[in-house]
Amino acid sequence: LFIQLKRDKMGREDILHIVRGIKSYLCVQIGGLTHALEQAGLEEESLSECDSHIRMKAQLMQVMSVACEIKNKPGGTPATVYEKIKEYIHVHYADDLSLNAIAEAFDMNYFYLSSMFKQHFGVTYSEYLAKVRLSNAEALLRTTGLMVYEVAKKVGYNDVKYFCRIFKKEYLETPERYRKSLHVSALSLAPGETDV
């Protein structure tokens, strides 16, 4: 980048603009970088005060170094961000909730979030969302008298056949049979017994 800038004989302001752009991009794409840069003493002012190409290059290399350290750490993105993402999913699971929408909501890079999601949660995003939806569906089947298609819609599935198929894969019974088996086991308990 700097060799190219030198060849094009760009002015200091043009170079500074590009360097600021790169820094901003890194701060947005790698969660937690803004805070880390502040801790490392790399605020905007220190970048603006650079009076030569060499000092600007050194600053940018330092920014890149901090970015690489954060990205390569197992917990590169602060755990609190993942807790907030988890809460967000548990609130919005019934919506048309894509990973891209979550990446935008948390100002994160889609590909970075996708890879870090599996690393942090142990499953892919679609697997995690399905588990949350099915868990809520199971609770609705157990505690309400809603029809199966209503349960499917309430947890974010518009296709009831697809919902029944993945529910059966998870719980080894169709939603209807699952609900019936709960009633049968409740009736089979002798008076005064509780299901433990």
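What comes next concerns the included structure.

What counts and what doesn't
- Residues numbered from 1 in each chain as written.
- Predicted model: local features only at pLDDT ≥ 70, side-chain atom pairs only at ≥ 80, totals over all residues.
- Heavy atoms only, no water.
- Core = buried A, V, L, I, M, F, W, Y, C linked by side-chain atoms within 4.5 Å.
- Buried < 20%, exposed > 50% of the residue type's maximum accessible area, 1.4 Å probe, protein only.
- Helix = DSSP H or I, 4+ residues; strand = E, 2+ residues; numbered from the N terminus.
- Contact = heavy atoms within 4.5 Å.
- Phe/Tyr/Trp six-rings, centres within 6.5 Å; stacked < 30°, edge-to-face > 60°.
- Lys NZ or Arg CZ within 6 Å of the ring centre and 35° of its normal.
- 1 Å grid on protein atoms, 1.4 Å probe; cavity = no way out; pocket = protein on both sides within 12 Å on 5 of 7 lines; lining within 4 Å.
- Points joined across faces, edges and corners; volume = space filled by probe spheres on them.
- Nonpolar A, V, L, I, M, F, W, Y, C, P; charged D, E, K, R; others polar.

Observations regarding the nonpolar core
Generally speaking, soluble globular proteins have nonpolar side chains that are buried together.
Then comes step 1: By size, the foremost hydrophobic cluster in this structure holds 31 residues, and its most contacted members are I85, I89, L113, Y125 and F163.
Then comes step 2: For this core, the elements supplying multiple residues, two or more each, are α6 (79-92), α7 (99-105), α8 (110-121), α9 (125-143), α10 (148-154) and α11 (160-171).
Then comes step 3: Examining the composition of this core, we find that eight residues originate from one element, α9, more than from any other.
Then comes step 4: When residues no more than four places from it in sequence are discounted, the contact partners of L113 are Y82, I85, L99, I102, A103 and M108.

What to know about the packing of aromatic side chains
Then comes step 1: Counted under the stated rule, the structure contains 12 aromatic pairs.
Then comes step 2: Arranged with centres 5.5 Å apart and planes meeting at 75 degrees, the rings of F167 and Y178 form a pair that is edge-to-face. In this pair, F167 sits in helix α11 while Y178 sits in helix α12 (residues 175-188), placing the two residues 11 residues apart along the sequence. Assigned by exposure class, F167 and Y178 land together as buried.
Then comes step 3: Aromatic ring contacts, followed pair by pair, group Y157, Y162, F163, F167, Y171 and Y178 into a single cluster.
Then comes step 4: Lying over the aromatic face of Y157, R133 brings its terminal NZ or CZ to 5.1 Å of the ring centre.

Regarding the layout of surface pockets
Then comes step 1: Quantified by volume, the largest pocket comes out at close to 190 Å³.
Then comes step 2: Going through the elements one at a time, α9 and α11 are the ones with two or more residues in the lining of the largest pocket.
Then comes step 3: Element by element, the count of residues in the lining of the largest pocket is highest for α9, at five residues.
Then comes step 4: Class assignment of the residues belonging to the lining of the largest pocket gives a composition of five nonpolar, one polar and four charged.

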